[in-house]
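# Descriptive structure summary
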Amino acid sequence: MITEKNLNKKGGVMSNFAKYRDGLEVSENVFKTLAKFSPDGVMDVFASDQHGSYIKLTNAFYKHIGVEKEATDDDVRNVCRRFAKHLKGEVTAALFNHLAYLSEGFKDLLGEDILLIGRLEHTKAIEVDGGKGKLARLAVEPEEVADKVDGFKTLVYLNPDHKESWEKNKEWLMDVFERCKKLGKPLYNETLYLQQPGESNVEKAKKLPDVLIKMAEDFSPYGNFYKTQVPVLWVEEGGKIVKICSPQTVRETAIEMEKISPRPLLLLSAAVDFEQYSVQYGSVCDLVSGPMCGRAYFKEAFTMEETKDWDSLENSFVKIAIPRIRQIRTLAKVMAKSWWYKFDWMSDEAKALIKESREIKPGVKGDFGY
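The paragraphs below set out a description of the structure included in this document. (Residues numbered from 1 in each chain as written. Predicted model: local features only at pLDDT ≥ 70, side-chain atom pairs only at ≥ 80, totals over all residues. Heavy atoms only, no water.)

## Regarding the overall build of the protein
In terms of helices and strands, the protein carries 13 helices and 15 strands. Taking 370 residues into account, the globule formula puts the C-alpha radius of gyration at 21 Å, and the protein, at 20 Å, falls close to it. Here the C-alpha coordinates of the protein stretch approximately 65 × 55 × 50 Å along the principal axes. Residue burial in the protein is summarised as follows: out of 370 residues, 55% are buried. Residue pairs at least 24 apart in sequence account for 70% of intrachain contacts in the protein once pairs closer than 6 positions are excluded. For the protein, the computed accessible surface area is about 17300 Å², with 49% contributed by carbon and sulfur atoms. Distance between charge centroids for the protein: 2 Å, based on 55 positive and 57 negative side chains. (Helix = DSSP H or I, 4+ residues; strand = E, 2+ residues; numbered from the N terminus. Rg over C-alpha atoms; globule rule 2.2 N^0.38 Å. Buried < 20%, exposed > 50% of the residue type's maximum accessible area, 1.4 Å probe, protein only. Contact = heavy atoms within 4.5 Å. Areas by Shrake-Rupley, 256 points an atom, 1.4 Å probe, with all protein chains shown as cover. Lys, Arg positive; Asp, Glu negative; His and termini not counted. Charge placed at Lys NZ, Arg CZ, Asp CG, Glu CD.)

As structure tokens, this is what we get:
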């Protein structure tokens, strides 16, 4: 209820529950949403919003099982719904695109105890200047889907050397963030370095330590969380594995991003395999507020030997993804920074909604006699 007590001088509702170190205030609605789903501070997120990737993975699935069919949006929706129902008790939050979260009964399928984050941006950004830049655009308007999700997510592809797209994406993101604040929904702001025309995977990977810091400096303020990649340890190119950097470089880069960002970081997988993601996350788990991982958890399930049809694909997902989620989640529970650690002030009412202690349930227990 808007009362005289909580009106500011301009007639709007005061954001008086918490404040970030850079002065950005956090509204009651945003704080209560985050505290409801993560009272212990851990923000581990299952990312399942990758439309283009799901199309490719489903095409691989059809080829694997000998079905001549091209994947469709209905297939993406089907996969997301099948995966979503196995996440209860396994993650704090889950990210899906509108094909999933606007489907009938999706929140009930996912479970009321999981924070549902809705992807806002279109899967295909607008290419400019021959692919040197990309401009983010919305697939759905936040005001039109606000009642379907608990929070929002955006993604912008960035090239620090392309000033036009850099500035336009910043303006776009600032606008979306303002709209999310008015709706009382947290925003998870994701950036990715845009591979340049003619640039090899190795060339791209070697740029990451420098460009990621620049991206964090300019784009991390525009959201409640900053979802970022880190430098990669290796890439595959031409059928060969090429070492790029050490875990020390991964950590050093993350340290600089953490210093620069006024928001807590979440670590994405950026399409690396789980073997690499587990090392990346382990290298920085005490610097971030959790993982926001997708394909690294589950992509092999589409072509596993046991995968014969849709139901067995679902079973393969459970077999391969859930243990991986538990492994990373345990690291997060023990090591991750709380999502409120970037605040320099919280109201007493806000403090009463959170707790400093965490219940740790290791994924593997054993008594080996010592």
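What follows continues from the structure just given.
## A short note on the nonpolar core
Of all hydrophobic cores here, the largest spans 114 residues; its most connected members are F31, F46, L87, F96, F298 and W339. Per-element tally for this core: the top contributor is helix 12 (residues 310-335), with 9 residues. Setting aside its immediate chain neighbours within four residues, F298 contacts F46, A47, Q50, Y54, L57, F83, F317, A321 and R324. (Core = buried A, V, L, I, M, F, W, Y, C linked by side-chain atoms within 4.5 Å.)

## Remarks on the packing of helix 7 (residues 163-183) against helix 8 (residues 201-219)
Running from N to C, helix 7 and helix 8 point in directions that differ by 40°, and their axes come no closer than 11 Å. Of the possible angle classes, the one that applies to helix 7 and helix 8 is oblique. Crossing angle aside, the handedness with which helix 7 passes helix 8 is right-handed. Contacts from W166, N169, K170 and L173 in helix 7 reach K214, M215, D218 and F219 in helix 8. (Axes fitted to C-alpha atoms, helices over the stretch in contact; angles between N-to-C directions. Parallel < 35°, antiparallel > 145°, perpendicular 65-115°, else oblique. Left-handed = near helix turned anticlockwise from the far one by under 90°.)

## Describing the packing of helix 10 (residues 274-284) against helix 12
One can describe the packing of helix 10 onto helix 12 by two numbers: an axis separation of 11 Å at closest approach and a directional angle of 10°. In terms of their interaxial angle, helix 10 and helix 12 are classed as roughly parallel. Residues F274, Y277, S278, Y281 and G282 of helix 10 lie in contact with helix 12, whose contacting residues are R324, Q327, I328, L331 and A332. Here the residues of the contact of helix 10 with helix 12 are counted per class, giving 6 nonpolar, 3 polar and 1 charged. (Nonpolar A, V, L, I, M, F, W, Y, C, P; charged D, E, K, R; others polar.)

## Structural notes on empty space enclosed by the protein
Scanning the entire structure with this criterion turns up 2 cavities of 30 Å³ or more. As for the largest cavity, its lining consists of R119, E121, H122, T123, A125, A136, R137, L155 and Y157. The volume enclosed by the second largest cavity comes to roughly 30 Å³. Lining the second largest cavity, in full, are D44, V45, F46, V91, P291, Y297, I325 and R329. Among the secondary structure elements, those contributing two or more residues to the lining of the second largest cavity are strand 3 (45-48) and helix 12. Residue classes in the lining of the second largest cavity are distributed as 6 nonpolar, no polar and 2 charged. (1 Å grid on protein atoms, 1.4 Å probe; cavity = no way out; pocket = protein on both sides within 12 Å on 5 of 7 lines; lining within 4 Å. Points joined across faces, edges and corners; volume = space filled by probe spheres on them.)

## Concerning the pairing of strand 11 (residues 234-237)
Here strand 11 runs beside strand 12 (residues 240-243); their pairing, made up of 4 bridges, is antiparallel. Looking across to strand 12, one finds that E236 is bridged to I241. Between strand 11 and the antiparallel strand that follows it, strand 12, lie 2 residues; G238 among them carries a positive phi value of about 65°. (Pairing = 2+ DSSP bridges.)

## Overview of helix 12
An ideal rise of 1.5 Å per residue puts 38 Å on 26 residues; helix 12 measures up with 36 Å between its terminal C-alpha atoms. Along its length, helix 12 reaches its greatest deviation from straightness, about 30°, at A321, and the proline P323 lies no more than four positions downstream. Its side-chain oxygen placed 3.3 Å from the backbone nitrogen of D311, D309 serves as the N-cap of helix 12. (Expected span 1.5 Å × (residues − 1). Bend = angle between axes of the 7 residues up to and from the residue. Polar contact = N/O pair within 3.5 Å; in protein donor to acceptor, adjacent residues only side chain to side chain.)

## Some remarks on the pattern of salt bridges
On inspection of all chains with the given rule, the structure shows 32 salt bridges. Of the charged contacts in the structure, one is a salt bridge between D218 and K170, with a shortest N-O distance of 3.4 Å. Pair noted here: D218 is in helix 8 and K170 is in helix 7, with a separation of 48 residues, a long-range link. With relative accessibility at 15%, the residue D218 sits in the buried group. Residue classification places K170 among the buried positions, given a relative accessible area of 15%. One connected set of salt bridges, linked through shared partners, spans D49, R119, E121, K153, E190 and K227. (Salt bridge = Lys/Arg side-chain N within 4 Å of Asp/Glu carboxyl O.)

## Notes on unusual backbone geometry
Even without being glycine, D129 reaches a positive phi, approximately 55°. Its location among the elements puts D129 in the loop between strand 6 (126-128) and strand 7 (133-135). Positive phi, normally seen in glycine, also occurs at A271, with a value near 70°.

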